[in-house]
Amino acid sequence: MVRECANRNLVLELDELDISANTLSDVTCSSFTTLLAISPKLKNLDMNYCRLSGVIIGAMVRECVNRNLVLELDNLYIRGNTLSDITGSVLGTLLAISPKLKNLDMNYCRLSGVIIGAMVRECVNRNLVLEFT
């Protein structure tokens, strides 16, 4: 579906996308990043309990950076995904490319103190000011 929309140069007017509780462990970062690119008005993205890994999120963030995408997200829900293999640098980069982000739900993601510490260091290194509510 995403590829077809992109091939037709469609721009989606989505404000909210809830794909929670779907098995997205086999999603390609390219198709997901394309979905973000063709949904420039997306404010709320719910990917709770989607069996995403840190590798998948990391690849998506890197592809967003490579495409120079700046996300307009206000709310990102990634609760219940196993992100124990994500790096703090990836999370910091995610925050950098999502400057309007107000809510980030990472409950039950198996994040360690080391990962959170590295994320904070990445934010400090980028001079990010986080304005979560």
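Here the structure is a predicted model, which means the values were calculated and not measured.

**A look at helix H2 (residues 29–37)**
Part 1: Listing the buried residues of H2 in full gives Phe32, Thr33, Thr34, Leu35 and Leu36.
Part 2: Elements in contact with the buried residues of H2: helix H1 (2–7), strand E1 (16–18), strand E2 (44–46) and helix H3 (54–66).

**Topic: the side chain of Ser53**
Part 1: Tracing the backbone shows Ser53 in the loop between E2 and H3.
Part 2: Discounting chain neighbours no more than four positions away, the residues touching Ser53 are Thr82, Leu83 and Asp85.

**Describing the sheet that holds E1**
Part 1: An order of E1-E2-E3-E4 is seen for the four strands of this open sheet, with the pairing classed as parallel. The open sheet has two edge strands with one neighbour each: E1 and strand E4 (103–105). Neighbour to neighbour, the strand axes of the sheet diverge by 0° on average, direction disregarded.
Part 2: One ladder, built from three bridges, connects E2 with strand E3 (residues 75–77); its direction is parallel. Bridging across to E3, Leu45 finds its partner in Leu76.

**Section: the nonpolar core**
Part 1: Counting residues in hydrophobic clusters, the biggest one holds 35 residues, and the most contacted among them are Phe32, Leu36, Leu45, Met47, Ile57 and Leu76.
Part 2: Listed by contribution, the elements that provide at least two residues to this core are H2, H3, helix H4 (88–96) and helix H5 (113–125).
Part 3: Non-local contacts of Leu45, meaning those with residues more than four positions away in its chain, are made with Leu17, Phe32, Leu36, Leu73, Asn75, Leu76 and Tyr77.

Calculation criteria
Per-chain numbering applies: the sequence of each chain, read as written, is numbered from 1 onward. Only residues with pLDDT of at least 70 are given local features in this predicted model, and only at 80 or more are side-chain atom pairs given and counted; all residues enter the totals for whole chains, interfaces and linings. For the side-chain quantities, the full set of heavy atoms in the structure was used; hydrogens and water were omitted. Relative accessible area decides the class of each residue, using a 1.4 Å probe on protein chains only: under 20% of the type maximum gives buried, over 50% gives exposed, and in between gives partly exposed. Numbering of helices and strands runs from the N terminus, with a helix taken as a DSSP run of H or I at least four residues long and a strand as a DSSP run of E at least two residues long. Here a residue-residue contact requires only that any non-hydrogen atoms of the pair lie within 4.5 Å. Between any two strands, at least two bridges found by DSSP are needed for them to pair. Here an angle of 0 to 180 degrees is reported between the N-to-C directions of two axes, which are lines fitted to C-alpha atoms, with helices fitted over the stretch in contact. Here, nonpolar core means buried Ala, Val, Leu, Ile, Met, Phe, Trp, Tyr and Cys residues that are tied together by side-chain atoms lying within 4.5 Å of each other.

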